[in-house]
Amino acid sequence: HKVRYVIEFHNVHKTYRVAGKDIPALHSTSLRVESGQVFGLIGHSGAGKSTLLRLINRLETPSGGQIIVDNEDVTAMDANGLRRFRQQVGMIFQHFNLLASKTVADNVALPLTLAGELSRSEIEQRVAELLARVGLADHAKKYPAQLSGGQKQRVGIARALATKPKVLLCDEATSALDPQTTASVLQLLAEINRELKLTIVLITHEMDVIRRVCDVVAVMDAGKIVEQGPVADVFLHPKHPTTRRFVQEDEQVDESEQRDDFAHVPGRIVRLTFQGEATYAPLLGTIARETGVDYSILAGRIDRIKDTPYGQLTLAITGGDMDAAFARFTAADVHMEVLR
Ligand code: ADP
């Protein structure tokens, strides 16, 4: 099938000028986001994530370069063009940004009321559909203060979807939520992406968020994208030091500590990464039997990257025909890293 890009950055950069000083927030950046993709941007505070996100719907004006969204040149739009364009790009926020004095239904209706294209009854019907979609059909008449954090973000999502946008921007949308609520909001975003074929760009400082919903990830550091690719590739085989740190935070292990722990363990130490079908194949036992090696499992994890299962095992291997065992792992499409 033919790939269509919904968002394109061509040499886009952004410098803020504060009190006569230039603050470079985004160095010259080019990127493309495919239609229907969930594209994640991860980085520490100050890396330039919000700046990049806000350039997409021109909440920030670029200092240079060209931004194309859904075949329209965002950089060249006048005020009228921009108003129309912003209906194509929904946005949700860390602190939800709901109007406290309006009911849930009125918050969701707001973008439709402002657009002025639908009748009152059409708006009511659309709001009812949206609230049902995000699981809040029974909460239409409540006020934001009566809702939990997760429910508030669901209202935010319904409001962002009201004008049937092509793109949804998520600005640290789960950072204020507890882990369980985070999981349910991310699941809702994944469903919306799948069912509406809506392109999503999200920013986060948590690798777990990327792992659960994103197809592609870009890692940002000091105003630059330092690593980019399919989530499984970047997550399982991180190259840049910043990416490695995010992955380790997600695994909650300190690699140097772990290596010290293994000092007394005899044999070679390898880390195996299984993906997809290989995750469930009984490889370890088979290969050990056939090559005569012994192994002990030092660390392990089985989890999912979006819909793909993966496993990562750190093994100490002793005896037998080690080279044959290593060759068998490699032949079975298991990624092998010799740690010692
Ligand atoms: P992140 O979202 O990754 O935390 P930001 O895009 O907010 O990063 O910030 C990138 C850099 O730009 C930081 O140095 C920040 O201080 C600066 N910056 C962001 N917004 C503004 C602004 N409105 N005015 C001046 N400097 C800003």
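Residues numbered from 1 in each chain as written. Predicted model: local features only at pLDDT ≥ 70, side-chain atom pairs only at ≥ 80, totals over all residues. Heavy atoms only, no water.

1. Quick notes on the sheet that holds strand β8 (residues 199-204)
As summarised here, the arrangement of the 6 strands in space is β6-β7-β8-β3-β9-β10, forming an open sheet in which the pairing is mixed. Strand pairing shows two members of the sheet lacking a second neighbour, β6 (89-93) and β10 (224-230), which therefore form its edges. Pairs of neighbouring strands in the sheet enclose a mean axial angle of 15°, with direction left out of account. In this sheet, β8 lies alongside strand β7 (residues 167-171) in parallel orientation, the contact comprising 5 bridges. (Pairing = 2+ DSSP bridges. Helix = DSSP H or I, 4+ residues; strand = E, 2+ residues; numbered from the N terminus. Axes fitted to C-alpha atoms, helices over the stretch in contact; angles between N-to-C directions.)

2. Some points on the state of the cysteines
Counted according to the given criterion, the structure contains 0 disulfides. Considering cysteine sulfurs only, C214 is the nearest to C170, which forms no disulfide, with 9.0 Å between them. With relative accessibility at 2%, the residue C214 sits in the buried group. (Disulfide = S-S within 2.5 Å. Buried < 20%, exposed > 50% of the residue type's maximum accessible area, 1.4 Å probe, protein only.)

3. Some words on helix α12 (residues 322-331)
For α12, every residue scored as buried is listed here: M322, A325, F326 and F329. All buried residues of α12 fall inside an arc of 100° around its axis, so they share one side. Away from the buried face of α12 by more than 90 degrees, exposed residues D323 and A331 are located. Looking one or two residues past α12, D333 carries a phi angle of roughly 65°, positive in sign. (Arc of directions from axis to C-beta.)

4. Here's the deal with the site of the ligand
For the ligand, the full set of nearby residues is Y16, V18, A25, H44, S45, G46, A47, G48, K49, S50 and T51. At 2.6 Å from an oxygen atom of the ligand is found a main-chain nitrogen or oxygen belonging to G46. G48 places a polar main-chain atom, nitrogen or oxygen, 3.0 Å from an oxygen atom of the ligand. Isolated, the ligand exposes 550 Å² of accessible area, and the fraction of that covered by the protein chains is 64%. Listed by contribution, the elements that provide at least two residues to the shell around the ligand are β1 (5-18) and α1 (49-56). (Near = heavy atom within 4 Å. Polar contact = N/O pair within 3.5 Å; in protein donor to acceptor, adjacent residues only side chain to side chain. Areas by Shrake-Rupley, 256 points an atom, 1.4 Å probe, with all protein chains shown as cover.)

5. Quick look at the packing of helix α5 (residues 149-161) against helix α6 (residues 179-196)
Contact geometry of α5 with α6 gives a least axis separation of 10 Å together with a crossing angle of 20°. Looking at the two axes, α5 sits roughly parallel to α6. Crossing of α5 over α6 shows right-handed handedness. Where α5 approaches α6, its residues G150, Q153, R154, I157 and L161 are matched on the opposing element by T181, S184, V185, L188, L189, I192 and L196. Taken together, the residues of the contact of α5 with α6 break down into 7 nonpolar, 4 polar and 1 charged. (Parallel < 35°, antiparallel > 145°, perpendicular 65-115°, else oblique. Left-handed = near helix turned anticlockwise from the far one by under 90°. Contact = heavy atoms within 4.5 Å. Nonpolar A, V, L, I, M, F, W, Y, C, P; charged D, E, K, R; others polar.)

6. Comments concerning the side chain of T174
Here T174 shows up in the loop between β7 and α6. Here T174 falls in the buried class, since its relative accessible area comes to 5%. Contacts of T174, omitting those with residues within four sequence positions, involve T182, V185, L186 and V209.

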